[in-house]
Amino acid sequence: MRNILSVGCVWLLFALLQASCSKSASNKSSGAGAGSDSSKTGADTSKYMVDTYSGAVVTGSIDEPEELCVDSKGFLYVAETIHSVVLKIDPIAHLAGPFTGYFNQPGCLDDLQASGDPSLTFPSNLWIDPNDVIYIGDYGCGTAKQCTTTGISQKIEYNDPNLLSPDVNGGCIDDEQNIFLYDTYGGLYEIKPSDHVIFQVAPGTQFGIISSMTMDADQKNIFISAGHKIFEVSSDGAISTIAGSDTAGNKDGSGSSAQFGGAMIICTDPSNNIYVADINNNTIRRVSPNGLVTTIAGDGNFGYKDTTGIHAEFAAPSGIAFTTSGNNNILYVSDTHNNVIRRITFAKQK
């Protein structure tokens, strides 16, 4: 077992940010883009209503939340990476409770009885398929696990005749039951259902340091955030850059003219818009299917403010998940250094 303090991908990428931040938003600092050319696209962001969904800044049941996913019944799953657990938040009272893993007792066991025994060490990337099977990347154990919504979890097994031995940090599955795993530094891997042999789809040099992975609405194409860019890996294996450049910044725009702050956590909606928790910029961004990047929430300052759109403030948002409720779209955001889950509500497009 690796030492959990040897940090996974996200912690390494914004270690400098952590050094300057406390868990209280009262110590305000600027994001990577503060004072720079934010170049907003002119979109009306007042329709994005930001409020606090669960947790409390000073005390509460949530402590430094990170990546998120939401199931078909509206339950939200939250990785508390530093505590080796995943929490579950109910959609009625918005209260958080234990789901899988054992608080501050890391381990790498399967949990076939949903007992909560030490079964996670550094849970990070969360992704859920249409059948409510949750994929948990466990960087501390170098594995990914499949987990039911009742808490039964099991390591994803594969045959490794080529001795690839990836240090897995996240997983997902496509519509043909091919399983994809990513290694933060080692790239993208695939496991075919026919023989369960793992092979490398693309090396880490193709992407840079990977911080997140998700799939499109049809479970055919993969989206990867790495370095300062967002990539698409199509079902035929072709890799393209959707948005972002080689330079860190905070700039809206199309394709390579846009800039991100570094580590990014991503999710998609049914129209294949990509939503980005831009950690170092303290903002939430939207990337349209044609690569247009727009900041929809957050003013770039490290803070805590519930209001509309780009007037709101976050403190290192490190998780994001999309769902719908009635006539509204919902984005849940892990506001890591505020110890809360924020909610962004906006009307569905007609």
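Because the structure is predicted, anything quoted here is derived from the model rather than measured.

(A) Inspection of the sheet that holds strand β4 (residues 76-80) at higher detail. Spatial strand order, β3-β4-β5-β6: four strands in an open sheet with antiparallel pairing. Across the chains shown, the open sheet's two edge strands, defined by having one partner strand only, are β3 (68-70) and β6 (96-101). For this sheet, the mean inter-axis angle between neighbouring strands, taken without regard to orientation, is 30°. Here β4 pairs with strand β5 (residues 85-89) via five bridges, running antiparallel.

(B) Molecular detail of the pairing of β4. The buried count for β4 comes to five of five residues, which makes it a mostly enclosed element. Burial along β4 is two-sided: the face carrying Leu76, Val78 and Glu80 and the face carrying Tyr77 and Ala79 are both buried. Direction of pairing for β3 relative to β4: antiparallel, over a ladder of three bridges. The residue bridging Leu68 from the neighbouring strand is Val78, located in β4. Counting the residues in the hairpin turn of β3 and β4 gives five residues, including Gly74, whose phi is positive at 95°.

(C) Local environment of unusual backbone geometry. Of note in this structure, Gln219 is not a glycine but carries a positive phi near 55°. Following the sequence through the fold, Gln219 ends up in the loop between β15 (210-215) and β16 (222-226). A positive phi angle, near 55°, is found at Asn282, a position not held by glycine. Looking at the element boundaries, Asn282 is found in the loop between β21 (274-278) and β22 (283-287).

(D) Layout of the packing of aromatic side chains. Considering all chains together, one arrives at seven aromatic pairs under this definition. Plain terms: the ring middles of Tyr77 and Phe99 are 4.8 Å apart, the flat faces sit at 65° to each other, and that makes the pair edge-to-face. With Tyr77 in strand β4 and Phe99 in strand β6, this pair connects stretches of sequence that are 22 residues apart. Classification of Tyr77 as buried rests on a relative accessible area of 0%. Ring geometry for Tyr275 and Phe322: centres 5.9 Å apart, planes at 10°, overall stacked. Of this pair, Tyr275 sits in strand β21 while Phe322 sits in strand β25 (residues 317-325); the two residues are 47 residues apart in sequence, bridging distant segments of the chain. Residues Tyr275 and Phe322 agree in their burial class; the two are buried. Three or more aromatic residues joined by ring pairs form one cluster here, namely Tyr48, Tyr275, Phe322 and Phe346.

The rules behind these values
- Residues numbered from 1 in each chain as written.
- Predicted model: local features only at pLDDT ≥ 70, side-chain atom pairs only at ≥ 80, totals over all residues.
- Heavy atoms only, no water.
- Pairing = 2+ DSSP bridges.
- Helix = DSSP H or I, 4+ residues; strand = E, 2+ residues; numbered from the N terminus.
- Axes fitted to C-alpha atoms, helices over the stretch in contact; angles between N-to-C directions.
- Buried < 20%, exposed > 50% of the residue type's maximum accessible area, 1.4 Å probe, protein only.
- Phe/Tyr/Trp six-rings, centres within 6.5 Å; stacked < 30°, edge-to-face > 60°.

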